[in-house]
Amino acid sequence: MPSAPCTPGACVDSVRAVAAVPRAVLRLVSLLVVVATGIALIPAVARIPAGLRDRLIRRWCRTIVRAAGVRLRTTGAAPPTGGLLLVANHISWLDIPLLAAVRPARMLAKAEIRQWPVAGALTASSGALFIDRDRLRALPETVGRIARSLRAGGAVVVFPEGSTWCGRAQGRFRRAAFQAALDADAAVQPVRLHYRHDGGAVSTAPAFVGSDSLLTSVWRVVSARDLVAEVRVGPVLPPGSAPDRRTLARAAETVAVHPGCAVHPGCAVHSGCAVHPVTRARVHTEAHAHL
């Protein structure tokens, strides 16, 4: 399965300008309280009308991001109803609430997430579609499940790179999930996620890559100052706008890829990321595998 060459040591900025430790602890506690409260209220929220439920979920997800000390900037919007495949570049655990704030949706997630503290319960409770990354034979079944959700008028979130990247580097969009949109005759909406400092420079502090533990990544975020998450919701790619999944994937990738990234024919590695040559070669090979 695809993996990124990004590692904490090579790609992730050390947090030099940090908030005072008491402030970081307060942010962490606030984050856990907001997440836990939302999970506890899921049974009650599930019984209210869909429109109001979605508005509450979006507000809750924005609160999660702000509780972590991250300011949110969103441009564009997703259609509130109808089958929709939301696709985005993948950098951080924060990507999950950021996309849910655009439109609540089922998420395609790796099976390991079930075991994560807090995030595992949150993802499972949202009706996530889990995939075993080591069982490629299960991929057609997963594509079929996505297509059924889209046909039923639901939204599904997919990170087509198949792995998290540091934010300076960008992976290629894999094709498999786009077949589900074609099969269901559903629209695709690309989203670009970008993290920066308030002054404008790219920040890799939120990146959740390589050997990072979830706790390490969360602590790095709550400890940082002046983090801004930018969510740019691109134009909808309507059904029939592409003849095949390759074309559809490339069209979505064009919108979601940072225009400043140096795109390698196989994996789009940014010059700012120090990547061991063996790792670069492995990822280059994986990027050409057909899904």
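Everything below is about the structure printed above this text.
The numbers attached to residues start from 1 for each chain and follow its sequence in the written order. Owing to the predicted nature of the model, reporting of local features is limited to residues with pLDDT of at least 70; listing and counting of side-chain atom pairs is limited to 80 or more, with chain, interface and lining totals taken over all residues. Excluded from the side-chain calculations are hydrogens and water; all other atoms, namely the structure's heavy atoms, are used.

Asks: I keep staring at the pattern of salt bridges and nothing clicks. Help me out?
Replies: Note that side chains of opposite charge can pair when their charged atoms are close. For this document, the term salt bridge refers to a Lys or Arg side-chain nitrogen within 4 Å of an Asp or Glu carboxyl oxygen. Applying the stated criterion across every chain, the model contains 7 salt bridges. Across the pair Arg 71 and Asp 198 runs a salt bridge, and its minimum N-O distance is 3.5 Å. Taken as a pair, Arg 71 in strand β1 (residues 70–75) and Asp 198 in the loop between β6 (187–197) and α8 (214–223) lie far apart in primary sequence, 127 residues in all. Throughout, exposure labels follow a simple rule: accessible area from a 1.4 Å probe, protein chains only, divided by the maximum for the residue type, with under 20% read as buried, over 50% as exposed, and the rest as partly exposed. Assessed through its relative accessible area of 33%, Arg 71 is described here as partly exposed. Owing to a relative accessible area of 39%, Asp 198 belongs among the partly exposed residues under this scheme. Residue Glu 253 pairs with Arg 250 through a salt bridge whose shortest N-O separation is 2.8 Å. Remark: Arg 250 and Glu 253 occur in helix α9 (residues 245–256); sequence separation between them is 3 residues, near one turn of the helix. Glu 253 gets classed as buried once you look at its relative accessible area, which sits at 7%. Numbering of helices and strands runs from the N terminus, with a helix taken as a DSSP run of H or I at least four residues long and a strand as a DSSP run of E at least two residues long.

Asks: Hey, could you run me through the packing of aromatic side chains in this one?
Replies: Within a pair of aromatic rings, the relevant descriptors are the distance that separates the centres and the angle that separates the planes. Centres within 6.5 Å make a pair out of two Phe, Tyr or Trp rings, where for Trp the six-membered ring is used; the pair is then stacked when the planes are under 30 degrees apart, edge-to-face when over 60, and tilted otherwise. Evaluation of the coordinates by the stated rule reveals 1 aromatic pair. Judged by centre distance (6.4 Å) and plane angle (25 degrees), the rings of Phe 173 and Phe 178 are stacked. With a relative accessible area of 0%, Phe 178 lands in the buried category.

Asks: Just checking my understanding: could you explain the packing of helix α3 (residues 50–67) against helix α4 (residues 95–102) for this structure?
Replies: In helix packing, the relevant descriptors are the interaxial angle and the interaxial distance, both defined with respect to the helix axes. Whenever a helix is involved, its axis is fitted only over the stretch in contact; in every case the axis is a line through C-alpha atoms, and angles between N-to-C directions fall within 0 to 180 degrees. Contact geometry for α3 and α4: axes closest at 8 Å, N-to-C directions at 145 degrees. Relative to α4, α3 is oriented so that their crossing is left-handed. The residues of α4 that touch α3, namely those facing Arg 58, Cys 61, Arg 62, Ile 64 and Val 65, are Pro 97, Leu 98, Ala 100, Ala 101 and Val 102. Classifying every residue of the contact of α3 with α4 by side-chain character gives 8 nonpolar, no polar and 2 charged. Crossings are classed by handedness, with left-handed meaning an anticlockwise turn of the near helix from the far one by less than a right angle and right-handed meaning a clockwise turn. Any pair of residues with heavy atoms lying within 4.5 Å of one another is described as a contacting pair. Classification convention: Asp, Glu, Lys, Arg as charged; Ala, Val, Leu, Ile, Met, Phe, Trp, Tyr, Cys, Pro as nonpolar; all other residues, Gly among them, as polar.

Asks: Help me understand the sheet that holds β6, please; the structure alone is not making it clear to me.
Replies: Sheets are built from strands paired through backbone hydrogen bonds, the pairs being either parallel or antiparallel. In this description, strands pair whenever DSSP reports at least two bridges between them. Within the open sheet, the 7 strands sit side by side as β1-β7-β6-β2-β5-β3-β4. Their pairing is mixed. Sheet topology places β1 and β4 (129–131) at the edges, where each strand pairs with a single neighbour. Between one strand axis and the next, the sheet turns by 20 degrees as a mean value, whatever way the strands run. Note: strand β3 (residues 106–110) against strand β5 (residues 155–158), 2 bridges, orientation parallel. Bridging across to β5, Arg 106 finds its partner in Val 156. Sitting on the sheet, helix α6 (residues 139–151) touches β2 (84–88), β3, β4 and β5, and the angle it makes with β4 is about 170 degrees.

Asks: Which parts of the structure should I look at to understand unusual backbone geometry?
Replies: The backbone of Asp 185 shows a phi angle near 55 degrees, a positive value even though the residue is not glycine. Looking at the secondary structure, you find Asp 185 in the loop between α7 (176–184) and β6. Phi is positive for Asp 226, which is not a glycine, with a value near 60 degrees. Structurally, Asp 226 can be placed in the loop between α8 and β7 (227–233).

Asks: Any chance you could explain α4 here in plain terms?
Replies: Note: α-helices contain 3.6 residues per turn, so residues at a spacing of three or four share the same orientation. Taken across its 8 residues, α4 has 8 buried, putting it largely inside the fold. Of all the positions in α4, only Asp 95, Ile 96, Pro 97, Leu 98, Leu 99, Ala 100, Ala 101 and Val 102 are classed as buried.

Asks: Just to check I follow, could you spell out a nonpolar patch on the surface for this structure?
Replies: A patch consists of residues exposed above 30% relative accessible area that lack any salt bridge, with like charges linked at up to 9 Å and nonpolar side chains (Val, Leu, Ile, Met, Phe, Trp, Tyr) linked at up to 5 Å. Per-residue and other accessible areas were derived by the Shrake-Rupley procedure at a 1.4 Å probe size, with only the shown protein chains allowed to occlude residues. Among the surface-exposed residues, Val 21, Val 25, Val 29, Val 33 and Trp 219 lie close enough to one another that they form a single nonpolar patch of about 420 Å² accessible area. In terms of residue count, helix α2 (residues 21–45) provides more of the nonpolar patch than any other element does, 4 residues in total. Counting through the fold element by element, Val 25 comes out in helix α2.

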